[in-house]
Amino acid sequence: MELWNKKYPDFIGYNCRITAFDLMKDKISVKAEAKVNASNLFMDQDALKNAPTKKFSGKQRKAFESVFSTVQTKYTKNVATHAAIWAKDWKNKKISVSGKTKATLISVVLHSSFSKTENELFVGHTGVLVPTKNHKYLFIEKLSFQLPYQVTRFESKEQLNDYLMGMYDTEWGQDTAKPFIMENTKLMKEYHAVSDR
C-alpha cells in the first residue's frame, strides 16, 4: 500500500462495482433518464476521476450510476419486499442485460435503515458469474480498492450464495433486512438465507 500511495497519491484503485461494470458494460443497457441517487458512489466517483486512464465514457458513467445508485425502500425486514422494490427500480430505469452473453451480473444488495422513514438499498458487493463447459461457475470479483482481483470456482450457484451470504450477512441486532442476491435484473433463484440473526 505504501508503494501504491507513493505512485498514485490520488488514485485509490478500482472496486467491485467499477470492475464488474467494466466487464459487463457492453452488455448492460440503461434506456431511461431516471432519477439517480449516486451519493453512495462518492469513492467510486473519486476513483474514476483520479484513475491514470479514463475508464468509462460519459454515457457509460451515467449507466454505471443508474445501475449502482441507492434505491429508496420500506422499513421492513422482508427480503421479498426489498427485492421487488429493487427490481421495479431497474424496470423503471429500463436497465437490462443482454441475453447474448452467458455471463451474469451478481449483486449483493444491502439494506440501510436510518429511521422508520429513511430506508435505502444499495449494492454492497458485485461481481460477474461465468458458467464453464463442465457446468461449474467462475465468479470474478474485486474485494476492495487495494485488494487484488479474484476468480473463484464454484460447483453451483447455491455454493456461490453461501459464500456471498457468509461474507455479507454480518449485521446482528440491526433493524435491517438480510442481504439478498440479484442475478442481472432478478432475485437469484438459488438465493437463500444461511444464518439466523
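Our structure's up above, just so we're on the same page.
The structure displayed is predicted, hence computed values, not measured ones. (Residues numbered from 1 in each chain as written. Predicted model: local features only at pLDDT ≥ 70, side-chain atom pairs only at ≥ 80, totals over all residues. Heavy atoms only, no water.)

(A) Seen up close, the overall build of the protein. Of regular secondary structure, the protein possesses six helices and nine strands. The C-alpha radius of gyration computed for the protein amounts to 17 Å, which stays within 12% of the reference 16 Å derived for 197 residues, consistent with globular compactness. Summarising its shape, the C-alpha atoms of the protein cover approximately 45 × 45 × 35 Å along the three principal directions. Relative to its full complement of 197 residues, the protein shows a buried share of 42%. Long-range pairs, those at least 24 residues apart, make up 65% of the contacts in the protein with a sequence separation of at least 6. Total accessible area on the protein stands at roughly 11,100 Å², and carbon and sulfur atoms take up 53% of it. Across the protein, the mean location of the 31 positive side-chain charges is 8 Å away from that of the 21 negative side-chain charges. (Helix = DSSP H or I, 4+ residues; strand = E, 2+ residues; numbered from the N terminus. Rg over C-alpha atoms; globule rule 2.2 N^0.38 Å. Buried < 20%, exposed > 50% of the residue type's maximum accessible area, 1.4 Å probe, protein only. Contact = heavy atoms within 4.5 Å. Areas by Shrake-Rupley, 256 points an atom, 1.4 Å probe, with all protein chains shown as cover. Lys, Arg positive; Asp, Glu negative; His and termini not counted. Charge placed at Lys NZ, Arg CZ, Asp CG, Glu CD.)

(B) Structural detail: the pattern of salt bridges. In the structure shown here, the tally under the stated rule is nine salt bridges. A salt bridge links E155 to K136, with the nearest nitrogen and oxygen atoms 2.6 Å apart. Separated by 19 residues along the polypeptide, E155 in the loop between β7 (149–154) and α6 (157–168) and K136 in the loop between β5 (118–131) and β6 (137–142) bring together distant segments of the chain. A relative accessible area of 21% means that K136 is categorised as partly exposed. With its nearest N and O atoms 3.5 Å apart, the salt bridge here joins R153 to E155. Judged by relative accessible area, which is 52%, R153 ranks as exposed. (Salt bridge = Lys/Arg side-chain N within 4 Å of Asp/Glu carboxyl O.)

(C) Local environment of the packing of aromatic side chains. Throughout the structure, instances matching the rule amount to ten aromatic pairs. With 5.7 Å between their ring centres and 35° between their planes, F56 and F64 make a pair best called tilted. The exposure classification of F56 matches that of F64, with both residues buried. Through successive ring pairs, a cluster of aromatic residues spans W4, Y8, F11 and Y14. Sitting over the ring of Y14, K55 keeps its end group 4.4 Å from the ring centre. In this structure, K142 is placed above the aromatic ring of Y149, and the distance from its NZ or CZ to the ring centre is 5.1 Å. (Phe/Tyr/Trp six-rings, centres within 6.5 Å; stacked < 30°, edge-to-face > 60°. Lys NZ or Arg CZ within 6 Å of the ring centre and 35° of its normal.)

(D) The arrangement of the packing of helix α2 (residues 16–24) against helix α4 (residues 58–68) in detail. The interhelical angle for the contact between α2 and α4, taken along N-to-C directions, is 120°, at an axis separation of 11 Å. In terms of orientation, α2 and α4 fall into the oblique class. Viewed along their axes, α2 and α4 form a crossing whose handedness is right-handed. Side by side, α2 and α4 meet where R17, I18 and F21 of the first sit next to Q60, A63, F64, V67 and F68 of the second. Broken down by class, the residue content of the contact of α2 with α4 amounts to six nonpolar, one polar and one charged. (Axes fitted to C-alpha atoms, helices over the stretch in contact; angles between N-to-C directions. Parallel < 35°, antiparallel > 145°, perpendicular 65-115°, else oblique. Left-handed = near helix turned anticlockwise from the far one by under 90°. Nonpolar A, V, L, I, M, F, W, Y, C, P; charged D, E, K, R; others polar.)

(E) Spatial organisation of helix α5 (residues 79–92). Spanning 14 residues, α5 covers 20 Å between terminal C-alpha atoms, matching the ideal 20 Å at 1.5 Å per step. Burial in α5 covers these residues: V79, H82, A83, W86, D89 and W90. The buried side chains of α5 occupy one side of the element, clustering within an arc of 125° when seen end-on. For α5, exposure combined with an orientation more than 90 degrees from the buried face picks out A80, K88 and K91. For α5, the N-terminal cap is N78; the gap from its side-chain oxygen to the backbone nitrogen of A80 is 3.0 Å. Where α5 terminates, the next one or two residues include K94, which has phi positive at roughly 55°. (Expected span 1.5 Å × (residues − 1). Arc of directions from axis to C-beta. Polar contact = N/O pair within 3.5 Å; in protein donor to acceptor, adjacent residues only side chain to side chain.)

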